[in-house]
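Listed below are the residues making up each chain.
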Amino acid sequence: MEHIHITTVNKKEQYLEVYHQLRTILDGEKDIIARMATICGAIKEAFNFYWIGFYRVDGDELVVGPYIGTLACLRIKKGKGVCGTAWKNEQTIIVKNVDEFPGHIACSSESKSEIVVPVFKDNQIIAVLDIDSTEYNTFDEIDKEGLERIVTLV
Ligand code: SME
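Residues numbered from 1 in each chain as written. Predicted model: local features only at pLDDT ≥ 70, side-chain atom pairs only at ≥ 80, totals over all residues. Heavy atoms only, no water.

**Some details on the nonpolar core**
Defined as follows: Residues enter a nonpolar core if they are buried and are Ala, Val, Leu, Ile, Met, Phe, Trp, Tyr or Cys, with the set joined through side-chain atoms within 4.5 Å. Categorising residues by exposure relies on relative accessible area from a 1.4 Å probe, with only protein chains included: less than 20% of the type maximum marks a residue as buried, more than 50% marks it as exposed, and the intermediate range marks it as partly exposed. Under the scheme used here, helices are H or I runs from DSSP no shorter than 4 residues and strands are E runs no shorter than 2 residues, and both carry numbers assigned from the N terminus. Throughout, a residue-residue contact means that at least one pair of heavy atoms, one from each residue, lies within 4.5 Å.
One finds I39, I43, F54, L129 and I131 to be the most contacted residues of the largest nonpolar core, which totals 27 residues. No other element matches the seven residues that helix α2 (residues 32-47) contributes to this core. Among residues more than four places away in sequence, those in contact with I43 are N48, F49, I52, L129, I131, L147 and I150. In this structure, C83, W87, I93 and V95 belong to the second largest nonpolar core, which totals 16 residues.

The following block contains the structure:
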């Protein structure tokens, strides 16, 4: 198994590097759980965020998929929490301070900021990628852009 080696310090370049390494690692792998799990692992190695994981669409709910982090809630209704809202609105949501997001679902009191990125397949959302940080204001447009590119590899 190859390892993710990050040699750059610039966040934008780091995301690109992770993207290109994942493209190589995932080449030929058809299993979506294996792909999601490997994407979580690569993001963890590169950025060491507190919680990184996928929620998959299952009817009118999201159900937890591969993740790295502390125990998380299993199911989230469409429109609920940051994840269910990103799904409903079909766009990435950056939450600088989770206490200021109405309806935020606190799986861990450690989480202070969050980003949720929808995963599209054939113009449909099939999952969301959720990343939590123990610091406020962790995520910005560079994370959004980098992660939106990475989730095209699901
Ligand atoms: N905070 C999320 C719930 C999932 S956990 O952060 C892992 C939300 O509000 O949707």
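**Here's the deal with the pattern of salt bridges**
Between side chains of opposite charge, pairing is possible as soon as their charged atoms come close. Applied cut-off: What makes a salt bridge here is a side-chain nitrogen of Lys or Arg within 4 Å of a carboxyl oxygen of Asp or Glu, nothing more.
Under the counting rule described, the total for this entry stands at six salt bridges. The residue R75 makes a salt bridge to D58 at a minimum N-O spacing of 2.9 Å. Note that R75 is positioned in strand β3 (residues 75-77) and D58 in strand β1 (residues 51-58), a separation of 17 residues in sequence. For R75, a relative accessible area of 43% puts it in the partly exposed group. Across the pair E61 and K77 runs a salt bridge whose closest N-O atoms are separated by 3.0 Å. On the criterion of sequence distance, the pair formed by E61 in strand β2 (residues 61-68) and K77 in strand β3 is long-range, its members being 16 residues apart. Among the residues examined, K77 registers a relative accessible area of 43% and is labelled partly exposed. One network of salt bridges, with partners in common, ties together D58, E61, R75 and K77.

**Re the site of the ligand**
What counts, and what does not: Nearness of a residue to a molecule or strand requires only that one of the residue's heavy atoms be within 4 Å of it. Counted as a polar contact is a pair of N or O atoms within 3.5 Å, where, for protein atoms, one must be capable of donating a hydrogen and the other of accepting one, and residues adjacent in sequence contribute only when both atoms are in side chains. Residues are sorted three ways: Asp, Glu, Lys and Arg are charged, Ala, Val, Leu, Ile, Met, Phe, Trp, Tyr, Cys and Pro are nonpolar, and all the rest, Gly among them, are polar.
If you check the shell around the ligand, you find 13 residues, and the closest are V82, C83, I105, E114 and D132. A distance of 2.9 Å separates an oxygen atom of the ligand from a polar atom in the backbone of V82. Within the backbone of C83, an N or O atom sits 2.8 Å from an oxygen atom of the ligand. Listing elements by their share of the shell around the ligand, those giving two or more residues are β1, α3 (81-89) and β6 (124-133). Here the element with the most residues in the shell around the ligand is α3; it accounts for three residues. Grouping the constituent residues of the shell around the ligand by class yields eight nonpolar, two polar and three charged.

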